[in-house]
Amino acid sequence: MDCATRGGAYNPVHFFRTGDSLVPDAGRSRTLGELRAAGYRVLPVREEMRKNLLAHLGRGERILPGIIGYDDTVIPEIENAVLAGHHIVFLGERGQAKSRVIRGLTSLLDPLVPVIAGCPINDDPFAPICERYGEKLATPDVSMADLVGEIDPIKVAEGRYLADEETIHYGLIPRTNRGLFAINELPDLTEKVQVGLFNLMEEKDVQIKGYKIRLPVDVVIVASANPEDYTSRGRIITPLKDRFDVQIRTHYPRTIEDEITIMEQEMPVFDREAAAVRIPDFMKEIVAHLTFEARGSNEINQSSGVSVRVTINNYESLVSNAEKRAVRLSEREIVPRLTDLHSILASTAGKIELEYVGEDKREDDLIDRLINRAVLKVWDKYLKVEGLKKVTEHFEAGWGVEVSDRMRAEEYLEGIRQIPGLREAVAQLGPFESPGLMAAAIEFVLEGLHLHQKLNKDRTGGRYTYRA
């Protein structure tokens, strides 16, 4: 089956890698029709890794055997990233097992997947990707050969003239003829390539190896660029800028509600093994407010921006940490709470650029401050310190409460029963009746009192103790 051909009942299929993930008889399928009849469903790679990691966690097995010293640091962040379906970058000095960790992640892949026979890119038999859309990230090493094509010496040897477009081995843009082609980070193209692109858009011709060749391709070209680079003199030639019919300025969400809507829309839908995902509104608002706080912080380089991806990835990390707890503790409810917020350090760091003004600053410290500001803003929306006098009096009498992202939700219910005024405070946050939601609400109430300096908070490992 050719890569550009749409699947039919008799298209040949073969299997890439070997293993146990297929439904019965799927491994013996040789055509697309047989594969469908076997009931096989192709999972995206991210879902494939999630599924296998959840199986490891459910069995209490450790991932990455042989990697020492990362059990409480690197591995939990890897687990969160895989559960959230994130791309990962590992930063570290030489000799810190980065390559070994990366190679070890292949153990989370299914050993056997079907592909279209003869396709060089292992195309999904049910959804071939050859289509009327092309995309290229602009970098200084992108050439006209990449975008348009170059002279094929074999075709010249066959007797064709160099000025004949039949001598061209076509690049990305001609292969997207009658379609849409996107160039990301347009100013990073060299001037020579920008001129070639301009000619192609305006005159429908291009010069290759000194020959002017007519190339009447029918392509809509769309580009993206950072405003600072696009307006910088010398980064993009004026004639090319003039050939784009419209210049549309994008912006970040202007309201918390829009930020949350995007965050929920972009959240991947995973099979959570029948566990209910229930996320209190105040947790969603904290994640969104964190990004808004970052966009308004003078400690962050605002010309680099703070992407909506920060919100999305933080939301995914938060839910993933809660899911990990539910799997380990065999709970049927996935509810993020404030003690899960440590998981967003990894998904925030690297997406913000600090302003260094002659002093050392740590990303983690800044992120902690942003989290505290976000929690305080959301807390003040729902609760008042004056209305929690009974709760603070209980702690002033010498009592303390311990919380952790590894505690069962039922353990929090003792606080509801013993701390006067706590149930009423929880009721102000919503009709929370399940243990998971009440645990999240209790942590929120206590953290707000701490940030308002009504309670002290001590940390021991991953556990936090609140006292007066």
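Refer to the structure presented above.
Because the structure is a prediction, the values reported are computed rather than measured.

### A short note on the sheet that holds strand 13 (residues 456-460)
Ordered in space as 12-14-13, the three strands form an open sheet in which the pairing is antiparallel. The sheet is open, and its two edges are formed by strand 12 (400-404) and strand 13, each paired on a single side. Ignoring which end each strand starts from, the neighbouring axes of this sheet average 25° apart. Pairing of strand 12 with strand 14 (residues 463-467) involves five bridges; the strand directions are antiparallel. In the strand pairing of strand 14, Glu-402 is matched with Thr-465. Most of the contacts of helix 18 (residues 435-451) go to strand 12, to which it runs at about 120°, and overall it touches strand 12, strand 13 and strand 14.

### Details of the packing of helix 14 (residues 363-382) against helix 18
It is the contact of helix 14 with helix 18, at a shortest axis distance of 10 Å, that shows an interaxial angle of 110°. Here helix 14 is positioned roughly perpendicular relative to helix 18, judged by the angle of their axes. Within the contact between the two elements, helix 14 uses Asn-372, Val-375, Leu-376, Val-378 and Trp-379 and helix 18 uses Phe-444, Val-445, Glu-447, Gly-448, Leu-449 and Leu-451. Partitioning the contact of helix 14 with helix 18 into residue classes produces eight nonpolar, two polar and one charged.

### Concerning the packing of aromatic side chains
Any pair of aromatic rings gets described here by the distance separating the centres and the angle formed by the planes. Summed over all chains, the structure comprises two aromatic pairs. Where Phe-282 meets Phe-444, the ring centres are 4.3 Å apart and the plane angle is 10°; that geometry is what we call stacked. On the criterion of sequence distance, the pair formed by Phe-282 in helix 11 (residues 281-295) and Phe-444 in helix 18 is long-range, its members being 162 residues apart. The buried category is assigned to Phe-282, whose relative accessible area is 1%. The ring of Tyr-230 has Lys-241 lying over it, and the distance from NZ or CZ to the ring centre is 5.1 Å.

### Thoughts on the pattern of salt bridges
For the coordinates displayed, the defined rule picks out 25 salt bridges. Of the charged contacts, one joins Glu-323 and Arg-50 as a salt bridge, the two residues approaching to 3.1 Å between their closest N and O atoms. Of this pair, Glu-323 sits in helix 12 (residues 308-328) while Arg-50 is found in helix 2 (residues 45-58), placing the two residues 273 residues apart along the sequence. Note on Glu-323: relative accessible area 2%, which makes it buried. On the basis of relative accessibility, which here comes to 2%, the residue Arg-50 falls in the buried class. Put simply, Asp-458 and Arg-467 hold a salt bridge, and the shortest N to O gap is 3.4 Å. By relative accessible area, Arg-467 is classed as partly exposed at 42%. Overlapping salt bridges, with partners in common, bring together Glu-79, Lys-324 and Arg-328 in one network.

Reading the values: the criteria
- Each chain has its residues counted from 1, running along the sequence as written.
- Under the rules for a predicted model, residues below a pLDDT of 70 receive no local features and side-chain atom pairs below 80 are neither given nor counted, while totals for whole chains, interfaces and linings still include all residues.
- Side-chain figures throughout are based on the complete set of non-hydrogen atoms in the structure, without hydrogens or water.
- At least two bridges found by DSSP between two strands is the condition for calling them paired.
- Under the DSSP-based scheme used, a helix requires at least four consecutive residues in state H or I and a strand at least two consecutive residues in state E, with every element numbered from the N terminus.
- For every element, the axis is a line fit to its C-alpha atoms; helices are fit only across the contacting stretch, and the angle between N-to-C directions ranges from 0 to 180 degrees.
- Only heavy atoms enter the contact rule, under which two residues are in contact if any of them lie within 4.5 Å.
- Oblique is the label for every angle not falling under 35 degrees (roughly parallel), over 145 degrees (roughly antiparallel), or within 65 to 115 degrees (roughly perpendicular).
- In this classification, the charged set is Asp, Glu, Lys and Arg, the nonpolar set is Ala, Val, Leu, Ile, Met, Phe, Trp, Tyr, Cys and Pro, and all remaining amino acids, among them Gly, are polar.
- The rule is short: rings of Phe, Tyr and Trp, with Trp giving its six-membered ring, pair when the centres are within 6.5 Å, and they are stacked under 30 degrees, edge-to-face over 60, tilted in between.
- Buried, partly exposed and exposed residues are distinguished by accessible area as a fraction of the type maximum, computed with a 1.4 Å probe on protein chains only: under 20%, between the cut-offs, and over 50%, respectively.
- Our definition puts a charge over a ring when NZ of Lys or CZ of Arg is within 6 Å of the ring centre and also within 35 degrees of the ring normal.
- Only one rule defines a salt bridge in this text: a Lys or Arg side-chain nitrogen within 4 Å of an Asp or Glu carboxyl oxygen.

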